[in-house]
Amino acid sequence: MSNLGSRIRRAALSAICLQLLTSVAVAQTRPDLVSRDRLRVCASPSNLPFSNKAKQGFENKIAEIVAEELKLPLHYFWMPDGPGFVRNTLMEDLCDVIIGYAAESDFVDHSNPYYASTYVLVTRKGGPLDGIEHLDDPRLKDAKLGVIAATPPVDHLLALGLLDHAKSYSLVVDRRFASPAEDALHDLAAGEIDAAILWGPIGGYFAKQASTPLSVTPLKTDQRPRFVYRIAFGLRHGETDWKHALNEVITKRQKDIDAILTSYGVPLAPIEPAPIDVQHPSRHGPQ
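One structure accompanies this document, and this report is about it. Fair warning: this is a prediction, and the values are worked out from it, not measured in the lab.

**Quick look at the packing of helix α2 (residues 58-70) against helix α6 (residues 240-263)**
The description of two packed helices rests on the angle between their axes and on the distance between the axes.
Item 1. Their axes nearest at 9 Å, the elements α2 and α6 cross at an angle of 130°. By the angle between their axes, α2 is oblique relative to α6. In this structure, the crossing between α2 and α6 has a hand that is right-handed. Across the interface between the two elements, F58, K61, I62, I65, V66, E68, E69 and L70 of α2 pack against W242, L246, V249, K252, R253, D256, I257, I260 and L261 of α6.
Item 2. Looking at the contact of α2 with α6 residue by residue, the class counts come to eleven nonpolar, no polar and six charged.

Okay, structure coming up:
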(Lines give C-alpha, C1' and ligand atoms only; values in the text may rest on other atoms or scores of the structure.)
Protein backbone atom coordinates (compact mmCIF):
# COMPACT_ATOMS: atom_id res chain seq x y z
CA MET A 1 0.00 0.00 0.00
CA SER A 2 2.84 2.34 0.76
CA ASN A 3 4.17 2.02 -2.82
CA LEU A 4 0.69 2.57 -4.25
CA GLY A 5 0.18 5.62 -2.04
CA SER A 6 3.53 7.00 -3.10
CA ARG A 7 2.65 6.55 -6.76
CA ILE A 8 -0.71 8.28 -6.23
CA ARG A 9 0.96 11.21 -4.48
CA ARG A 10 3.54 11.52 -7.29
CA ALA A 11 0.81 11.37 -9.91
CA ALA A 12 -1.17 14.04 -8.11
CA LEU A 13 1.91 16.24 -7.76
CA SER A 14 2.71 15.79 -11.46
CA ALA A 15 -0.83 16.79 -12.39
CA ILE A 16 -0.58 19.94 -10.28
CA CYS A 17 2.78 20.87 -11.83
CA LEU A 18 1.41 20.28 -15.34
CA GLN A 19 -1.57 22.51 -14.58
CA LEU A 20 0.71 25.29 -13.30
CA LEU A 21 2.98 25.05 -16.32
CA THR A 22 -0.01 25.15 -18.66
CA SER A 23 -1.36 28.23 -16.88
CA VAL A 24 1.98 30.01 -17.24
CA ALA A 25 2.20 29.09 -20.93
CA VAL A 26 -1.31 30.41 -21.57
CA ALA A 27 -0.46 33.65 -19.79
CA GLN A 28 2.63 34.08 -21.93
CA THR A 29 0.94 33.37 -25.26
CA ARG A 30 -2.26 35.39 -25.05
CA PRO A 31 -4.01 35.72 -28.41
CA ASP A 32 -3.44 38.91 -30.41
CA LEU A 33 -6.16 41.56 -30.39
CA VAL A 34 -5.57 42.16 -34.08
CA SER A 35 -8.67 42.16 -36.27
CA ARG A 36 -8.76 39.26 -38.76
CA ASP A 37 -11.26 40.77 -41.20
CA ARG A 38 -9.87 44.28 -41.82
CA LEU A 39 -6.75 46.40 -41.46
CA ARG A 40 -7.48 48.84 -38.65
CA VAL A 41 -5.19 51.89 -38.80
CA CYS A 42 -4.84 54.62 -36.17
CA ALA A 43 -4.37 57.99 -37.91
CA SER A 44 -4.80 61.72 -37.57
CA PRO A 45 -7.57 63.27 -39.71
CA SER A 46 -5.54 66.42 -40.43
CA ASN A 47 -1.78 65.89 -40.37
CA LEU A 48 -0.26 66.26 -43.83
CA PRO A 49 2.11 65.09 -45.17
CA PHE A 50 1.43 62.02 -43.01
CA SER A 51 -2.33 61.52 -43.15
CA ASN A 52 -5.72 63.15 -43.48
CA LYS A 53 -9.33 62.10 -43.88
CA ALA A 54 -9.11 62.61 -47.63
CA LYS A 55 -6.31 59.96 -47.58
CA GLN A 56 -3.83 62.30 -49.26
CA GLY A 57 -0.86 61.65 -46.94
CA PHE A 58 2.05 59.31 -47.59
CA GLU A 59 1.07 57.20 -44.59
CA ASN A 60 -2.36 56.77 -46.19
CA LYS A 61 -0.66 55.47 -49.34
CA ILE A 62 1.56 53.12 -47.34
CA ALA A 63 -1.49 51.83 -45.43
CA GLU A 64 -3.03 50.99 -48.80
CA ILE A 65 0.05 48.90 -49.66
CA VAL A 66 -0.25 47.01 -46.36
CA ALA A 67 -3.96 46.36 -46.91
CA GLU A 68 -3.27 45.18 -50.45
CA GLU A 69 -0.59 42.72 -49.31
CA LEU A 70 -2.72 41.37 -46.45
CA LYS A 71 -5.80 41.23 -48.72
CA LEU A 72 -7.88 43.09 -46.15
CA PRO A 73 -10.19 46.10 -46.45
CA LEU A 74 -8.68 49.27 -44.97
CA HIS A 75 -10.42 50.88 -42.00
CA TYR A 76 -9.31 54.02 -40.14
CA PHE A 77 -9.88 55.13 -36.58
CA TRP A 78 -9.36 58.89 -36.68
CA MET A 79 -8.05 60.93 -33.77
CA PRO A 80 -6.07 64.20 -33.74
CA ASP A 81 -2.39 63.58 -33.10
CA GLY A 82 -1.03 64.70 -29.75
CA PRO A 83 -0.87 63.63 -26.09
CA GLY A 84 -2.98 60.52 -25.46
CA PHE A 85 -3.09 59.46 -29.12
CA VAL A 86 -1.62 55.98 -28.55
CA ARG A 87 -3.37 55.40 -25.25
CA ASN A 88 -6.79 56.26 -26.68
CA THR A 89 -6.43 54.38 -29.97
CA LEU A 90 -4.00 51.47 -30.17
CA MET A 91 -4.12 50.62 -26.47
CA GLU A 92 -7.93 50.72 -26.45
CA ASP A 93 -8.05 48.12 -29.26
CA LEU A 94 -9.70 50.59 -31.62
CA CYS A 95 -7.02 49.93 -34.24
CA ASP A 96 -4.03 47.65 -34.73
CA VAL A 97 -1.23 49.69 -36.30
CA ILE A 98 0.17 53.21 -36.44
CA ILE A 99 1.77 53.61 -39.85
CA GLY A 100 4.54 55.98 -38.76
CA TYR A 101 6.20 55.58 -35.36
CA ALA A 102 9.76 56.26 -34.24
CA ALA A 103 11.53 52.90 -33.94
CA GLU A 104 13.45 54.06 -30.86
CA SER A 105 10.29 54.55 -28.80
CA ASP A 106 9.61 52.03 -26.05
CA PHE A 107 5.98 53.06 -25.50
CA VAL A 108 4.81 50.68 -28.21
CA ASP A 109 6.40 47.76 -30.02
CA HIS A 110 7.38 48.33 -33.62
CA SER A 111 8.12 46.56 -36.87
CA ASN A 112 11.43 46.74 -38.65
CA PRO A 113 12.11 50.33 -39.76
CA TYR A 114 10.90 51.00 -43.28
CA TYR A 115 12.60 54.38 -43.68
CA ALA A 116 14.93 56.79 -41.94
CA SER A 117 14.94 60.55 -42.31
CA THR A 118 16.70 63.54 -40.84
CA TYR A 119 16.20 67.14 -39.81
CA VAL A 120 16.73 69.60 -42.64
CA LEU A 121 17.64 73.23 -43.16
CA VAL A 122 15.18 74.95 -45.49
CA THR A 123 16.50 78.08 -47.19
CA ARG A 124 15.63 80.34 -50.09
CA LYS A 125 17.03 78.74 -53.25
CA GLY A 126 20.20 80.46 -54.38
CA GLY A 127 20.48 82.47 -51.15
CA PRO A 128 23.61 82.89 -48.96
CA LEU A 129 22.62 80.01 -46.65
CA ASP A 130 21.77 77.56 -49.41
CA GLY A 131 23.43 74.14 -48.99
CA ILE A 132 24.53 74.45 -45.34
CA GLU A 133 24.78 70.96 -43.77
CA HIS A 134 26.05 71.77 -40.27
CA LEU A 135 24.56 74.11 -37.67
CA ASP A 136 28.05 75.22 -36.63
CA ASP A 137 28.63 76.71 -40.10
CA PRO A 138 29.95 80.29 -39.62
CA ARG A 139 27.31 81.60 -42.03
CA LEU A 140 24.63 80.86 -39.44
CA LYS A 141 26.28 82.94 -36.72
CA ASP A 142 24.13 86.01 -37.35
CA ALA A 143 21.21 84.29 -39.08
CA LYS A 144 17.70 84.30 -37.68
CA LEU A 145 16.61 80.67 -37.67
CA GLY A 146 13.11 79.28 -37.29
CA VAL A 147 12.89 76.11 -35.21
CA ILE A 148 10.14 73.95 -33.75
CA ALA A 149 10.22 74.11 -29.94
CA ALA A 150 11.45 71.10 -27.92
CA THR A 151 12.95 69.27 -30.91
CA PRO A 152 16.56 67.97 -31.07
CA PRO A 153 17.96 70.92 -33.08
CA VAL A 154 17.06 73.25 -30.20
CA ASP A 155 19.74 71.58 -28.06
CA HIS A 156 22.33 72.20 -30.77
CA LEU A 157 21.32 75.83 -31.22
CA LEU A 158 21.59 76.35 -27.46
CA ALA A 159 25.06 74.80 -27.34
CA LEU A 160 26.18 76.94 -30.27
CA GLY A 161 24.78 80.15 -28.83
CA LEU A 162 22.32 80.54 -31.70
CA LEU A 163 19.08 80.18 -29.80
CA ASP A 164 18.75 83.72 -28.44
CA HIS A 165 17.91 85.22 -31.82
CA ALA A 166 16.00 82.21 -33.20
CA LYS A 167 12.24 82.22 -33.70
CA SER A 168 10.41 79.35 -32.02
CA TYR A 169 7.26 77.68 -33.36
CA SER A 170 4.96 75.46 -31.28
CA LEU A 171 5.47 71.69 -31.33
CA VAL A 172 2.12 70.49 -29.96
CA VAL A 173 -0.77 71.98 -31.90
CA ASP A 174 -4.10 70.82 -33.29
CA ARG A 175 -3.25 70.43 -36.96
CA ARG A 176 -6.87 71.04 -37.89
CA PHE A 177 -6.31 74.68 -36.98
CA ALA A 178 -2.55 75.33 -37.02
CA SER A 179 0.54 74.32 -39.00
CA PRO A 180 3.83 75.53 -37.46
CA ALA A 181 5.96 74.25 -40.35
CA GLU A 182 3.88 76.13 -42.91
CA ASP A 183 4.05 79.23 -40.71
CA ALA A 184 7.85 78.95 -40.60
CA LEU A 185 8.12 78.61 -44.37
CA HIS A 186 5.77 81.54 -44.87
CA ASP A 187 8.04 83.62 -42.62
CA LEU A 188 11.06 82.39 -44.60
CA ALA A 189 9.50 83.48 -47.89
CA ALA A 190 8.60 86.85 -46.34
CA GLY A 191 12.14 87.41 -45.07
CA GLU A 192 11.20 87.33 -41.39
CA ILE A 193 13.61 84.43 -40.82
CA ASP A 194 16.68 83.41 -42.81
CA ALA A 195 16.20 79.61 -42.63
CA ALA A 196 13.91 77.03 -41.03
CA ILE A 197 14.97 73.84 -39.27
CA LEU A 198 12.31 71.15 -39.69
CA TRP A 199 11.85 67.38 -39.47
CA GLY A 200 12.68 66.13 -42.96
CA PRO A 201 9.34 64.66 -44.05
CA ILE A 202 7.59 67.88 -43.02
CA GLY A 203 10.15 70.30 -44.42
CA GLY A 204 10.55 68.39 -47.67
CA TYR A 205 6.83 68.20 -48.31
CA PHE A 206 5.89 71.81 -47.56
CA ALA A 207 8.95 73.19 -49.34
CA LYS A 208 7.65 71.49 -52.50
CA GLN A 209 4.29 73.23 -52.03
CA ALA A 210 5.74 76.71 -51.46
CA SER A 211 5.35 79.41 -54.11
CA THR A 212 8.85 80.72 -53.31
CA PRO A 213 11.67 78.43 -54.58
CA LEU A 214 13.20 76.75 -51.52
CA SER A 215 16.13 74.40 -50.95
CA VAL A 216 16.00 71.49 -48.48
CA THR A 217 19.39 70.37 -47.14
CA PRO A 218 19.75 67.38 -44.77
CA LEU A 219 21.57 68.38 -41.60
CA LYS A 220 24.53 66.41 -40.25
CA THR A 221 26.01 66.17 -36.77
CA ASP A 222 28.40 64.01 -34.77
CA GLN A 223 26.92 65.28 -31.50
CA ARG A 224 23.89 64.24 -29.51
CA PRO A 225 20.99 64.48 -29.91
CA ARG A 226 21.27 63.07 -33.40
CA PHE A 227 19.30 64.30 -36.40
CA VAL A 228 18.51 60.97 -38.13
CA TYR A 229 15.65 58.77 -36.86
CA ARG A 230 14.27 55.45 -38.06
CA ILE A 231 10.52 55.12 -38.65
CA ALA A 232 8.51 51.89 -38.37
CA PHE A 233 4.97 50.58 -37.92
CA GLY A 234 3.82 50.94 -34.30
CA LEU A 235 1.89 48.07 -32.67
CA ARG A 236 1.03 46.67 -29.27
CA HIS A 237 3.63 44.73 -27.33
CA GLY A 238 3.35 40.95 -27.43
CA GLU A 239 1.63 40.57 -30.82
CA THR A 240 4.44 38.58 -32.41
CA ASP A 241 2.54 37.10 -35.36
CA TRP A 242 1.26 40.54 -36.33
CA LYS A 243 4.78 41.96 -36.12
CA HIS A 244 6.08 39.23 -38.44
CA ALA A 245 3.26 39.88 -40.91
CA LEU A 246 4.09 43.60 -41.06
CA ASN A 247 7.79 42.87 -41.47
CA GLU A 248 6.99 40.62 -44.42
CA VAL A 249 5.05 43.44 -46.06
CA ILE A 250 8.01 45.80 -45.62
CA THR A 251 10.42 43.26 -47.11
CA LYS A 252 8.20 42.60 -50.11
CA ARG A 253 7.14 46.19 -50.85
CA GLN A 254 10.12 48.31 -49.73
CA LYS A 255 10.72 49.71 -53.23
CA ASP A 256 7.10 50.80 -53.53
CA ILE A 257 7.24 52.42 -50.09
CA ASP A 258 10.45 54.25 -51.03
CA ALA A 259 8.82 55.54 -54.21
CA ILE A 260 5.90 56.98 -52.23
CA LEU A 261 8.21 58.68 -49.73
CA THR A 262 10.35 60.17 -52.49
CA SER A 263 7.29 61.52 -54.30
CA TYR A 264 6.33 63.43 -51.13
CA GLY A 265 9.77 65.01 -50.83
CA VAL A 266 10.88 62.95 -47.84
CA PRO A 267 14.69 63.10 -47.53
CA LEU A 268 15.70 59.48 -47.03
CA ALA A 269 18.71 58.44 -44.97
CA PRO A 270 20.32 54.98 -44.69
CA ILE A 271 18.54 52.74 -42.20
CA GLU A 272 21.35 52.13 -39.72
CA PRO A 273 21.24 49.79 -36.69
CA ALA A 274 19.73 51.34 -33.57
CA PRO A 275 22.26 53.48 -31.66
CA ILE A 276 23.29 52.40 -28.18
CA ASP A 277 22.36 55.67 -26.49
CA VAL A 278 18.77 55.51 -27.69
CA GLN A 279 16.50 58.45 -27.07
CA HIS A 280 12.75 58.27 -27.26
CA PRO A 281 11.26 60.64 -29.83
CA SER A 282 7.53 60.95 -30.32
CA ARG A 283 5.61 59.26 -33.09
CA HIS A 284 6.21 60.44 -36.67
CA GLY A 285 9.74 61.13 -35.56
CA PRO A 286 10.89 64.05 -33.47
CA GLN A 287 8.74 66.68 -35.15
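**Digging into the packing of helix α4 (residues 180-190) against helix α5 (residues 200-209)**
Item 1. Orientation of α4 relative to α5, taken along the N-to-C sense of each, is 55°, at an axis distance of 10 Å. What the angle tells us is that α4 and α5 run oblique. Between α4 and α5 lies a crossing of right-handed hand. For the pair α4 and α5, the contacting residues are A181, E182 and L185 in the first and I202, F206 and A207 in the second.

**Concerning the state of the cysteines**
Item 1. Applying the stated criterion across every chain yields a total of one disulfide.
Item 2. With a sulfur-sulfur separation of 2.0 Å, C42 is cross-linked through a disulfide to C95. Because the sign of the S-S torsion sets the handedness, a value of about 100° for the bond joining C42 and C95 places this disulfide among the right-handed ones. Within this pair, whereas C42 is found in strand β1 (residues 39-43), its partner C95 is found in the loop between β4 (74-78) and β5 (97-102), the two being separated by 53 residues in sequence.
Item 3. Under the relative-accessibility criterion, C42 is labelled buried at 2%.
Item 4. For C95, a relative accessible area of 0% translates into the label buried.

Criteria and cut-off values
- Residues numbered from 1 in each chain as written.
- Predicted model: local features only at pLDDT ≥ 70, side-chain atom pairs only at ≥ 80, totals over all residues.
- Heavy atoms only, no water.
- Axes fitted to C-alpha atoms, helices over the stretch in contact; angles between N-to-C directions.
- Helix = DSSP H or I, 4+ residues; strand = E, 2+ residues; numbered from the N terminus.
- Parallel < 35°, antiparallel > 145°, perpendicular 65-115°, else oblique.
- Left-handed = near helix turned anticlockwise from the far one by under 90°.
- Contact = heavy atoms within 4.5 Å.
- Nonpolar A, V, L, I, M, F, W, Y, C, P; charged D, E, K, R; others polar.
- Disulfide = S-S within 2.5 Å.
- Buried < 20%, exposed > 50% of the residue type's maximum accessible area, 1.4 Å probe, protein only.

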